[in-house]
Amino acid sequence: MKSEWVHRQFIDIDTKDARLQKRAVAIAEACAKRPEQSLPGRLEDWAGLKGAYRFFSNPKITHQILQQPHYKETLEKARFSNKLVLFIQDGSELLFNSHRCTYGLGPTADSFGNGLMFHSCLVAEYHEPGETKILGLSYQEAWIRPDKKSVDDDSKESEIWLKTLIKAGPPEKNWVHVGDRASDIHEFFKGAIDSGWNFVVRARHDRQIQINEAMKRIFPWIRKQPAKCKFKLNLRAKGARFSGEYTVEVTWTKVKLFSPEKEGSEAVGDVTYIRTWCLEDPELEWLLITNLPVNNEADAIRIVNIYQQRWSIEEYHKVVKTGFRIENNQFKQASRILALFGMVGVMATQLLALKEHCHLAPNQEVEKEVPKRWITLIERILNVKLETVRDFWRCLARLGGFIGRKSDGEPGWQTIWKGYRRLQDMLMGADYL
Ligand SMILES: [Mn+2]
């Protein structure tokens, strides 16, 4: 991770206190060097950073304060982009079940957990025919569920989708929200359409639609429609129920969007429902709702490919969890965990971006992307010659124990982190030579 980048993300945090700003940068730099360690591990070599605990306990240092400069930078990149820009949202949770003595955490999805909930919006440029370039986060919120869940908490957790879009400000024409079934919320669609957002959302509710004067349920109706085209969908989510290449059928229909509950209410807008399914594996089926134009086969296929990019938010949440192992941090107070999470959440975007870059431009010259010292050291240790970004990524994984037989597939995050840490240790060692 480039140190100018780390500096830029944290030097402007809004604390009106230059000392706190400098400390934020120093801590973030230490974390970047040993990201998979718990905080004491990250800081043990940094005698000057004993104030880290004090830093994260300072009431001025919150998750939001630490992330705001990063949001600004991400949104600026999004505004300057001439590609489609995807705002991919999803929720997740962090469990601290081994932290019996952490104060102030709350239940998670299963209601038994001891942890915190969070919701992220990852912003990525869409490159045809189905790749992304990660720009960063436009917003992230982390919160603790109260012990006794009330109706209010449910509505908070459904309002977060629209709130997150509104935080990004008025959308550019090329901005698109992407969300899974949890964002099939009538109020969300209404708000998104009112504020000019495009969206691609997986449908959860079987709404009423109007076809030739008759009201019908969309799901059974669209499932009876013949395919209008087929194409090869490449699902990249490793280890998921569906991964690899599938031949899928596609059909679509334009309808007016009504509330799923209130029959006879007014339509909120015109949308297209797209159904994509796989004949060989009937469990693979997506029903998507979009307000982007769908006028031909190419448009419909593009929408499915856009939805496919949603996996990168899952990937991002994996980096946060496994890469930084935030769940093992030693803090005893939830407020401090939330603050640390603010910093970790920003840094994880860069690691994901580096990996995506290796995927997007694997043959890019390594010297353009990676510091010269790293290259020299890896070449010496592994006795290889690094030419491309991809070579670098594979060698980093090898340092982490990746063997790289054909059957091994892509290296996982934990391996990458081990390799990254070994490289950083060796670089530190090399400083003394
Ligand atoms: Mn989800």
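Since the structure is predicted, the reported quantities are computational estimates derived from the model, not experimental observations. Once a new chain begins, its residue numbering starts again from 1 and follows that chain's sequence as written. Predicted model: local features are reported for residues with pLDDT of at least 70 only, side-chain atom pairs are reported and counted for 80 or more only, and whole-chain, interface and lining totals are derived from all residues.

Participant: I keep staring at the confidence of the model for the protein and nothing clicks. Help me out?
Facilitator: Predicted coordinates in areas of low pLDDT are best not read in detail. On a range of 0 to 100, pLDDT expresses the predictor's confidence in each residue. Considering every residue of the protein, the mean pLDDT works out to 83; 84% of them sit at 70 or more. The contact rule is simple: place each C-beta atom from the backbone, and if two of them lie within 7 Å, those residues are in contact. Note that residues 43–49 has pLDDT below 50 and, in this model, seven contacts with residues that lie over four places away or in other chains.

Participant: Teacher, can you tell me more about the environment of asparagine 174 here?
Facilitator: The helix count covers DSSP runs of H or I at least four residues long, the strand count covers runs of E at least two residues long, and both are numbered beginning at the N terminus. Position of asparagine 174 relative to the elements: it lies in the loop between α6 (151–167) and β4 (175–179). In this structure, the C-alpha to C-alpha distance between asparagine 174 and leucine 86, residues 88 residues apart in sequence, is 8.5 Å. Residues in contact with asparagine 174, not counting those within four places in the same chain, are Ser81, Lys83, Leu84 and Val85.

Participant: Would you mind showing me how to read the packing of helix α5 (residues 63–80) against helix α11 (residues 334–360) here?
Facilitator: Angle between the axes and distance between the axes: these two values describe a pair of packed helices. For helices, the fitted line uses only the C-alpha atoms of the stretch in contact; every axis is such a line through C-alpha atoms, and the angle between N-to-C directions lies from 0 to 180 degrees. In contact at an axis separation of 7 Å, α5 and α11 are set at 20° when each is read in the N-to-C sense. In terms of orientation, α5 lies roughly parallel with respect to α11. Of the two possible hands of crossing, α5 and α11 adopt the one that is right-handed. Listed contacts from α11 to His63, Gln64, Leu66, Gln67 and His70 of α5 are Leu338, Ala339, Phe341, Gly342, Met343, Gly345 and Val346. Under the scheme applied, nonpolar residues are Ala, Val, Leu, Ile, Met, Phe, Trp, Tyr, Cys and Pro; charged residues are Asp, Glu, Lys and Arg; polar residues are all the others, including Gly. Here the contact of α5 with α11 is composed, by residue class, of six nonpolar, six polar and no charged. Angle categories are assigned with fixed cut-offs, so that under 35 degrees is roughly parallel, over 145 is roughly antiparallel, 65 to 115 is roughly perpendicular, and the rest are oblique. A clockwise turn of the near helix away from the far one marks a right-handed crossing, whereas an anticlockwise turn of less than a right angle marks a left-handed crossing.

Participant: Just checking my understanding: could you explain unusual backbone geometry for this structure?
Facilitator: Most peptide bonds are trans, and most residues other than glycine sit at a negative phi. Residue glutamate 128 is joined to proline 129 through a cis peptide bond whose omega torsion reads 0°. Structurally, proline 129 can be placed in the loop between β2 (115–127) and β3 (131–143). The phi dihedral of asparagine 383 is positive, around 55°, even though this residue is not glycine. Considering the arrangement of structural elements, one finds asparagine 383 in the loop between α13 (372–382) and α14 (389–399). By the C-beta count within 10 Å, which is 7 here, asparagine 383 ends up exposed. Exposed residues have 12 or fewer other C-beta atoms within 10 Å of their own C-beta, buried residues have 20 or more, and residues in between are partly exposed; the C-beta atoms are placed from the backbone.

Participant: I would appreciate a short explanation of the sheet that holds β3 in the present structure.
Facilitator: Two strands in a sheet stick together by hydrogen bonds in their backbones, pointing the same way (parallel) or opposite ways (antiparallel). The sheet built from nine strands is open, its strands ordered β3-β2-β1-β4-β5-β11-β10-β9-β8 with mixed pairing. Each of the sheet's edge strands pairs with one partner strand only, and the pair in question is β3 and β8 (229–235). Pairwise comparison of adjacent strand axes, ignoring direction, gives a mean angle of 25° for this sheet. For strand β1 (residues 84–95) and β4, the ladder comprises four bridges, and the chain directions are parallel. Across the sheet, residue phenylalanine 87 finds its bridge partner in β4, namely histidine 177. Packed onto the sheet, α5 meets β1, β2, β3 and β4 and runs at close to 150° relative to β3. The pairing criterion is simple: DSSP has to find at least two bridges between the two strands.

Participant: Before we go on, may I ask you to explain the environment of glutamate 410 in this structure?
Facilitator: Relative to the helices and strands, glutamate 410 resides in the loop between α14 and α15 (413–431). Along the sequence, glutamate 410 and alanine 397 sit 13 residues apart, while their C-alpha atoms lie 9.2 Å from each other.

Participant: How should the nonpolar core be read in this particular structure?
Facilitator: Soluble globular proteins tend to pack their nonpolar side chains together in the buried interior. Counting residues in hydrophobic clusters, the biggest one holds 113 residues, and the most contacted among them are Leu86, Phe87, Leu288 and Val304. For this core, the element with the most residues is α11, which contributes 16 residues. Ignoring any residue separated from it by four or fewer positions in sequence, one finds valine 304 in contact with Leu233, Val250, Ile274, Thr276, Trp286 and Leu288. Note on terminology: a nonpolar core is a set of buried residues of type Ala, Val, Leu, Ile, Met, Phe, Trp, Tyr or Cys, with members joined through C-beta atoms within 7 Å.

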